[in-house]
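Spelled out, the chains give:
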Amino acid sequence: MKTRFVLIETSHAGNVGAAARAIKTMGFDDLVLVRPRWSNVLRKEETIQRASGALDVLANCRIVATVEEALDGMSHLCATAMTPRDFGPPARTPREHFALLLQGALAAEAGPVPLDEDSSPAASDAAAANPSGESGVAFLFGCERYGMANEDVYRCHVALSIPTNPDFGSLNLASAVQVVAYDWRQALGGYGVSDVAARGERADAQQVAGMLAHWQQALAEIGFLDLDAPKKLMPRLNQMFNRAQLTQEEIHILRGVAKAMLRTAEATKR
């Protein structure tokens, strides 16, 4: 499904770079700027620095004069508006709306409606576009100082609202882009998390038993274990180490600890 992020009248060059970085981390690359403050914003040093490697997104980014141009080919439009409107599309959290959209709960026929229509295309969910079709989803973000203009909100099918602290809901533009991009990526299936820590080869039961015998000897030597009244110390240690799913390297470490305890106990006796 095509996904586009549209920044309208962005005034801070750094936010453009940071937004490019934000969408790239979530696997998106379609960024469009509508009337940014700086005509050369894509070449400004602050933009490039804040992009932090997402230079391909900046290279593909388009600057257009109107919102209509930015939305060409898009069929489902999502405004991002913190300020409630008494008229316009329904307000939902990103996760709530994305779940409805991808489950097909939103009727799927009409595309975006021109501004001169008498009513908002988002007044009913029946105006939402088919997520399985060839057209795409666009996320619109307003300028840093004023947010989105009413006419741009009205053209959308939903007003996404990121749940924030009721006493401090001010969210940086690039941060808002990151949150929406993340939730959209998760809705589409997300990415797996790689465990970078190498676990090593699991120890088998014989290796664990040998280590426990070594520990039993060491614990007895230092006086922690009474062999005449062992109670359930060793079985409990056995259960604990089984839950730990020890690797062979960890067995070697624990045997080293037992060896050190025996050496210390022997030195104490001399």
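Residues numbered from 1 in each chain as written. Predicted model: local features only at pLDDT ≥ 70, side-chain atom pairs only at ≥ 80, totals over all residues. Heavy atoms only, no water.

**Side note on the side chain of threonine 247**
- Tracing the backbone shows threonine 247 in the loop between helix H9 (233-244) and helix H10 (248-269).
- Taking relative accessible area as the criterion, threonine 247 reaches 4% and is therefore assigned buried.
- Filtering out sequence-adjacent residues up to four positions away, threonine 247 remains in contact with Arg199, Gly200, Glu201, Arg202 and Ala203. (Helix = DSSP H or I, 4+ residues; strand = E, 2+ residues; numbered from the N terminus. Buried < 20%, exposed > 50% of the residue type's maximum accessible area, 1.4 Å probe, protein only. Contact = heavy atoms within 4.5 Å.)

**Focus: H10**
- Helix length check: H10, at 22 residues, gives a terminal C-alpha distance of 32 Å against a target of 32 Å (1.5 Å per residue), a fit within 8%.
- Those residues of H10 that sit buried are Ile251, Leu254, Ala258, Met261, Leu262 and Ala265. Across the axial projection of H10, the buried residues extend over an arc of 95°, all falling on one side. Exposed side chains of H10 directed beyond 90 degrees from the buried face belong to Glu249, His252, Ile253, Lys259 and Arg263. (Expected span 1.5 Å × (residues − 1). Arc of directions from axis to C-beta.)

**Digging into the pairing of strand S2 (residues 31-34)**
- The alternating pattern of S2 places Leu31 and Leu33 and Val32 and Val34 on opposite faces, both of which are buried.
- Taken together, strand S1 (residues 3-8), helix H1 (residues 13-25) and S2 form a β-α-β motif whose crossover is right-handed.
- Pairing of S2 with strand S3 (residues 62-64), which is carried by three bridges, proceeds in the parallel orientation. Across the sheet, residue leucine 33 finds its bridge partner in S3, namely isoleucine 63. (Right-handed = clockwise from strand over helix to strand, strands pointing away. Pairing = 2+ DSSP bridges.)

**Comments concerning helix H8 (residues 205-221)**
- The first and last C-alpha atoms of H8 sit 24 Å apart over 17 residues, in line with the 24 Å expected at 1.5 Å per residue.
- Among all positions in H8, only Val208, Met211, Leu212, His214, Trp215, Ala218 and Leu219 are buried. Each buried residue of H8 lies within a common arc of 160° when the element is viewed along its axis, so the set occupies one face. Structural note: H8 exposes Ala205 and Gln206 on the side pointing more than 90 degrees away from its buried face.
- Turning to H8, the residues buried within the fold contact H9 and H10.
- Among the residues of H8, the N-terminal cap falls to aspartate 204, whose side-chain oxygen and the backbone nitrogen of glutamine 206 are separated by 3.2 Å.
- Trailing H8 by a residue or two, glycine 223 shows a phi angle of about 85°, which is positive. (Polar contact = N/O pair within 3.5 Å; in protein donor to acceptor, adjacent residues only side chain to side chain.)

**Looking at the pattern of salt bridges**
- Under the counting rule described, the total for this entry stands at seven salt bridges.
- Close ionic contact of arginine 4 with aspartate 30 constitutes a salt bridge, the shortest N to O distance being 2.9 Å. Here the residue arginine 4 occupies a position in strand S1, and aspartate 30 occupies one in the loop between H1 and S2, the gap between them amounting to 26 residues.
- Aspartate 152 is the salt-bridge partner of arginine 155, the closest N and O atoms lying 3.3 Å from each other.
- Judged by relative accessible area, arginine 155 falls into the buried class, the value being 6%.
- Taking the relative accessible area as the measure of exposure, aspartate 152 reaches 7% and is therefore buried. (Salt bridge = Lys/Arg side-chain N within 4 Å of Asp/Glu carboxyl O.)

**Looking at the packing of H1 against helix H7 (residues 173-188)**
- In contact at an axis separation of 8 Å, H1 and H7 are set at 15° when each is read in the N-to-C sense. As summarised for this structure, H1 and H7 are arranged roughly parallel, according to the angle between their axes. Here the hand of the crossing between H1 and H7 comes out right-handed. Here Asn15, Ala18, Ala19, Ala22, Ile23 and Thr25 of H1 lie close against H7, whose contacting residues are Leu173, Ala174, Val177, Gln178 and Ala181.
- Classifying every residue of the contact of H1 with H7 gives eight nonpolar, three polar and no charged. (Axes fitted to C-alpha atoms, helices over the stretch in contact; angles between N-to-C directions. Parallel < 35°, antiparallel > 145°, perpendicular 65-115°, else oblique. Left-handed = near helix turned anticlockwise from the far one by under 90°. Nonpolar A, V, L, I, M, F, W, Y, C, P; charged D, E, K, R; others polar.)

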